[in-house]
Amino acid sequence: RGRSIVVATSRSGHTRGRTRARTARGGTLMAKQHKYHNSRIEALTTLPVDTVLNLVAQVAERQRTIRMVGRDGTSARLNVKNLMGGTIIEFVVATSSDGYRTRVTCRMENYSTSRMTYFYVIPISPRYIDGYGEYRRFMRSLQEAITAADPSSRSSIIEKDNAM
């Protein structure tokens, strides 16, 4: 009672990887992380960092719900927008290079979850991440673009970490 349905991971270093939910009175409480909270793509390629970031921009342009909101020398910040223009997922594509190979990672930083309810109170379905389909499509498109530009690249999309 009094909890909102928006869950976002914290950007601060000391609580990284945890989720927070806001109560109706503005306080915060720890919420259970979604099973896909750590979904990511990891790639290793011989393409230079600038080329990889250009591929990220091209893939984002092809998807109308994804917007690039920032870019620096080694990373790009992107958002998934809903139909009303609100941000539902924020994620980062980060690169690092050792001079020969470039490592590419794409991770969600903030996201919102929803679930169906009966009479607005009783949950009748599991939680899902709003816009996760668009984020998944972006990861697959980025993987295809990197592979097309560098056939010797290795990449994997990880949606759920195995439980211990």
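Presented here is a report on the structure given in the accompanying data block. If you're wondering where the values come from, they're calculated on a predicted model, not measured in any experiment. (Residues numbered from 1 in each chain as written. Predicted model: local features only at pLDDT ≥ 70, side-chain atom pairs only at ≥ 80, totals over all residues. Heavy atoms only, no water.)

Moving on: the packing of aromatic side chains. Scanning the entire structure with this criterion turns up 3 aromatic pairs. Ring centres of Tyr132 and Tyr135 lie 6.0 Å apart, and the angle between their planes is 50°; on these two criteria the pair is classed as tilted. Taken together, the positions of Tyr132 and Tyr135, both in helix α2 (residues 132-149) and 3 residues apart, correspond to about one turn of that helix. Comparing Tyr132 with Tyr135 shows no difference in burial state: the two are buried. In this structure an aromatic cluster arises from ring pairing among Phe91, Tyr132, Tyr135 and Phe138. (Phe/Tyr/Trp six-rings, centres within 6.5 Å; stacked < 30°, edge-to-face > 60°. Helix = DSSP H or I, 4+ residues; strand = E, 2+ residues; numbered from the N terminus. Buried < 20%, exposed > 50% of the residue type's maximum accessible area, 1.4 Å probe, protein only.)

A rise of 1.5 Å per residue sets the reference length of helix α1 (residues 49-62), with its 14 residues, at 20 Å; its end C-alpha atoms lie 20 Å apart and thus fit the reference within 8%. Val49, Val52, Leu53, Leu55, Val56, Ala57, Val59 and Ala60 are the residues of α1 that are buried. Contacts from the buried residues of α1 go to β4 (40-45), β5 (66-71), β6 (75-81), β7 (87-97), β8 (102-111) and α2. (Expected span 1.5 Å × (residues − 1). Contact = heavy atoms within 4.5 Å.)

With that settled, consider a nonpolar patch on the surface. A cluster of nonpolar side chains, contributed by Met116, Tyr118, Phe119, Tyr120, Val121, Ile122 and Ile124, occupies part of the molecular surface with about 900 Å² of accessible area. Looking at where Tyr120 falls in the secondary structure, it is placed in the loop between β10 (117-118) and β11 (122-123). (Patch = residues over 30% accessible without salt bridge, like charges linked within 9 Å, V, L, I, M, F, W, Y side chains within 5 Å. Areas by Shrake-Rupley, 256 points an atom, 1.4 Å probe, with all protein chains shown as cover. Salt bridge = Lys/Arg side-chain N within 4 Å of Asp/Glu carboxyl O.)

Another aspect to go through is the pattern of salt bridges. The tally for this structure, following the rule as stated, stands at 3 salt bridges. Here Glu42 makes a salt bridge to Arg40, at a shortest N to O gap of 2.8 Å. By relative accessible area, which is 27% here, Glu42 ends up partly exposed. Among the ionic pairs, Glu109 bridges to Arg77, the shortest N-O distance being 2.6 Å. One end of the pair, Glu109, is in strand β8; the other, Arg77, is in strand β6, with 32 residues separating them in the sequence. Classification of Arg77 as partly exposed rests on a relative accessible area of 30%.

Where β6 lies against β7, 7 bridges are found, and the strand directions are antiparallel. Bridge pairing links Ser75 to Ala94 in β7. Counting the residues between successive antiparallel strands, the hairpin from β6 to β7 contains 5 residues, one of them, Gly85, with a positive phi of roughly 90°. Relative to β8, β7 is paired through 9 bridges, and the arrangement is antiparallel. Across the sheet, residue Thr95 finds its bridge partner in β8, namely Val104. (Pairing = 2+ DSSP bridges.)

Quick look at the nonpolar core now. The biggest cluster of nonpolar side chains holds 30 residues, and the ones touching the most others in it are Leu78, Ile89, Phe91, Val93, Met108, Tyr135 and Phe138. If you list the elements that add at least two residues to this core, you get β4, α1, β6, β7, β8 and α2. Apart from the residues within four sequence positions on either side, Phe138 is in contact with Val56, Val59, Ala60, Gln63, Ile66, Leu78, Phe91, Val93 and Cys106. (Core = buried A, V, L, I, M, F, W, Y, C linked by side-chain atoms within 4.5 Å.)

Where β5 and β6 come together, 5 bridges link them in antiparallel fashion. Looking at the pairing, Arg71 lines up with Ala76 of β6. Hairpin remark: β5 followed by β6, antiparallel, with 3 residues in the connecting loop.

Our next topic: the packing of α1 against α2. If you want to describe how two helices pack, look at the angle between their axes and the distance between the axes. Across the interface, α1 lies against α2 with an axial gap of 10 Å and an inter-helix angle of 135°. One finds that α1 runs oblique with respect to α2. Crossing angle aside, the handedness with which α1 passes α2 is right-handed. Listed contacts from α2 to Leu55, Val56, Val59 and Ala60 of α1 are Phe138, Ser141, Leu142, Ala145, Ile146 and Ala149. Split by residue class, the contact of α1 with α2 holds 9 nonpolar, 1 polar and no charged. (Axes fitted to C-alpha atoms, helices over the stretch in contact; angles between N-to-C directions. Parallel < 35°, antiparallel > 145°, perpendicular 65-115°, else oblique. Left-handed = near helix turned anticlockwise from the far one by under 90°. Nonpolar A, V, L, I, M, F, W, Y, C, P; charged D, E, K, R; others polar.)

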